[in-house]
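Residue-level listing of the chains:
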Amino acid sequence: MTKPFYAAPDASAAMREFYARLAQKNAAPLWEALAQLVTPEPVTLTQPAHWSYSELRPLLLEAGQRISAEQAERRVLVLENPGLRGSVRITESLYAGLQLVLPGEIARSHRHQASALRFVLESNGGFTAVEGERAAMQAGDFILTPSWAWHDHGNLPASEDGAGPAIWLDGLDIPLVNSLSGSFAEHYPAEQQPLARPEGDAQACYAANMLPLEYRAPRLSSPVFAYPYARSRAALQQLYQNGPLDATHGIKLQYVNPATGGAPLPTIGAFLQLLPAGFSGAAYRSSDATIYCVAEGSGSSRVGAQTFAWQEHDVFVVPNWQPVAHSATSEAVLFSFSDRPVQKALGLWREQAL
């Protein structure tokens, strides 16, 4: 048990009467609340939790039969943390959900103040368009929707190779934006935005270790909005072959904004790590609550006192400052995201190997 930073003194009848008079003036004694406000270690309502993709996928497809993409705006099953029921959050600062677009469907164009990421789970004809450029979606791709950027999604008709559903994990900073009362949103006048640039234009401009001449960033997020899994996976594999393994993380890389070297979104950091078959990692904790999604393989993660056995496309969450240790039954790749950039910008982020 961590010793409290401060323990409030017992209040006498006279003091309670004094507090009542303060309340009438919309005032309160700090010494009565200090133990809740200033804690020796992070206190969070976020709980360790695990979502089985094999259990949720049929329900997501059922949602596809019950409501259209047009009716739903975004057909998503929210992954709501059991410690945050009713708040539409997976952690106290982030939202996550599984989104479905069926063959031939369009999720219409809109924009919002919240920043978003997508980690693609299934796609044979899915695509997304961001600020006038379209990118085809493949399983494992990491896609960005920067704050206030027009974006729409779609899936080719089955006759045009859209042979199955497009499904991805959404991650947004909606709770953080709303905690600052900063939400704005609007629809594009048409169902889809016009395409102003050829596919791959952002990759050519910003993802080849080069930048356009005298480049000035129009926004804080990465100018690259699609990070192909094939390229990221190949990098992990080469680093694994070159060695050495980190005792905690295996081989772990962070997605970056190529123009700054910082996080791809100003509020959300994202990571990809490879765990070799038989890997048993050391315990570790950090101050950012982290959402994991299994890109490949199978294994388990011990989160605090709980152990979650996971398979491909499962999602699990590690609360702030709770120990986590990963083990891999087969070679596995884990994608993860958190609010680490915000904590780092404010000088709050901490980590500890255990």
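As a starting point, this report considers the structure included with it. This structure is a prediction, so every number in the text was calculated from the model and none was measured.

1. Description of the sheet that holds strand E14 (residues 269-275)
Taken in spatial order, the 6 strands make up an open sheet running E1-E19-E16-E21-E14-E13, and their pairing is antiparallel. Edge positions in the sheet fall to strand E1 (49-51) and strand E13 (251-254), since each has one partner strand and no second. Within the sheet, the average angular offset between the axes of one strand and its neighbour, ignoring direction, is 20°. In terms of strand pairing, strand E16 (residues 290-296) meets strand E19 (residues 315-318) through 4 bridges, oriented antiparallel. Bridging across to E19, Tyr292 finds its partner in Phe316. Packing against the sheet, helix H7 (residues 229-242) makes contact with E13, E14, E16 and strand E21 (332-338), and its axis sits at approximately 50° to E14.

2. Regarding unusual backbone geometry
Here the residue pair Gly243 and Pro244 is connected by a cis peptide bond, since its omega of -5° sits within 30 degrees of zero. Mapped onto the elements of the fold, Pro244 is located in the loop between H7 and E13. Positive phi, normally seen in glycine, also occurs at Trp148, with a value near 65°. Within the fold, Trp148 resides in the loop between strand E8 (142-145) and strand E9 (151-155). Judged by relative accessible area, Trp148 falls into the partly exposed class, the value being 27%. Its identity as a non-glycine residue notwithstanding, Glu214 has a phi of 55°, on the positive side. Examined against the element boundaries, Glu214 turns out to sit in the loop between helix H6 (201-206) and strand E12 (226-227).

3. Concerning the pairing of strand E20 (residues 324-328)
Of all 5 residues in E20, 4 are buried, a share of seventy percent or more. As paired strands, strand E17 (residues 299-303) and E20 are joined by 5 bridges and run antiparallel to one another. Its bridge partner being in E20, Ser300 is matched across the sheet by Ser327.

4. A short note on the pattern of salt bridges
Considering all chains together, one arrives at 12 salt bridges under this definition. Between Glu105 and Arg75 there is a salt bridge, with its nearest N and O atoms 2.7 Å apart. Taken together, the residues Glu105 in the loop between strand E3 (95-101) and strand E4 (106-112) and Arg75 in the loop between helix H4 (69-72) and strand E2 (76-78) connect sequence positions 30 residues apart. Relative accessible area serves as the criterion here: at 15%, Glu105 is assigned to the buried category. Judged by its relative accessible area of 3%, Arg75 falls in the buried class. In this structure, Glu331 and Arg233 form a salt bridge, with 2.8 Å as the shortest nitrogen-oxygen distance. On the criterion of sequence distance, the pair formed by Glu331 in the loop between E20 and E21 and Arg233 in helix H7 is long-range, its members being 98 residues apart.

5. Notes on the sheet that holds strand E7 (residues 133-136)
Strand order across the open sheet formed by 5 strands is E7-E6-E9-E4-E11, with antiparallel pairing between neighbours. Among the strands making up the open sheet, the edge pair consists of E7 and strand E11 (185-187). The sheet shows a mean angle of 25° between the axes of neighbouring strands, direction not considered. Inspection of the sheet shows strand E6 (residues 126-130) paired to E7 by 4 bridges, in the antiparallel sense. In the strand pairing of E7, Phe127 is matched with Ala136.

6. Comments concerning the environment of Ala190
Looking at where Ala190 falls in the secondary structure, it is placed in the loop between E11 and H6. On the basis of relative accessible area, Ala190 is assigned to the partly exposed category, the value being 38%. Once the C-alpha coordinates of Ala190 and His110 are considered, the two residues, 80 residues apart in sequence, prove to be 9.4 Å apart.

7. Remarks on the side chain of Ser336
Note that Ser336 resides in strand E21. Classification of Ser336 as buried rests on a relative accessible area of 0%. What Ser336 contacts, discounting residues up to four positions off in sequence, is Lys252, Gly269, Ala270, Phe271, Thr290, Ile291 and Tyr292.

8. Describing the packing of aromatic side chains
For the coordinates displayed, the defined rule picks out 13 aromatic pairs. For the pair Phe18 and Tyr19, a centre-to-centre distance of 6.2 Å together with 45° between the ring planes defines the contact as tilted. The class for Tyr19 is buried, based on a relative accessible area of 14%. Here the aromatic residues Phe119, Phe142, Tyr227, Tyr255, Phe335 and Phe337 are joined through ring pairs into a cluster of three or more. Here the guanidinium or amino end of Lys252 rests over the ring plane of Phe271, the centre of that ring lying 5.1 Å away. Across from the ring centre of Trp349, 4.8 Å away, lies the NZ or CZ of Lys344, which sits over that ring.

9. Looking at helix H1 (residues 13-24)
Think of an α-helix as turning once every 3.6 residues; residues three or four places apart then point the same way. Between the first and last C-alpha of H1 there are 17 Å, a value that for 12 residues agrees with the 16 Å anticipated at 1.5 Å per step. At the C-terminal side of H1, Asn26 shows a positive phi close to 55°.

The rules behind these values
- Residues numbered from 1 in each chain as written.
- Predicted model: local features only at pLDDT ≥ 70, side-chain atom pairs only at ≥ 80, totals over all residues.
- Heavy atoms only, no water.
- Pairing = 2+ DSSP bridges.
- Helix = DSSP H or I, 4+ residues; strand = E, 2+ residues; numbered from the N terminus.
- Axes fitted to C-alpha atoms, helices over the stretch in contact; angles between N-to-C directions.
- Contact = heavy atoms within 4.5 Å.
- Buried < 20%, exposed > 50% of the residue type's maximum accessible area, 1.4 Å probe, protein only.
- Salt bridge = Lys/Arg side-chain N within 4 Å of Asp/Glu carboxyl O.
- Phe/Tyr/Trp six-rings, centres within 6.5 Å; stacked < 30°, edge-to-face > 60°.
- Lys NZ or Arg CZ within 6 Å of the ring centre and 35° of its normal.
- Expected span 1.5 Å × (residues − 1).

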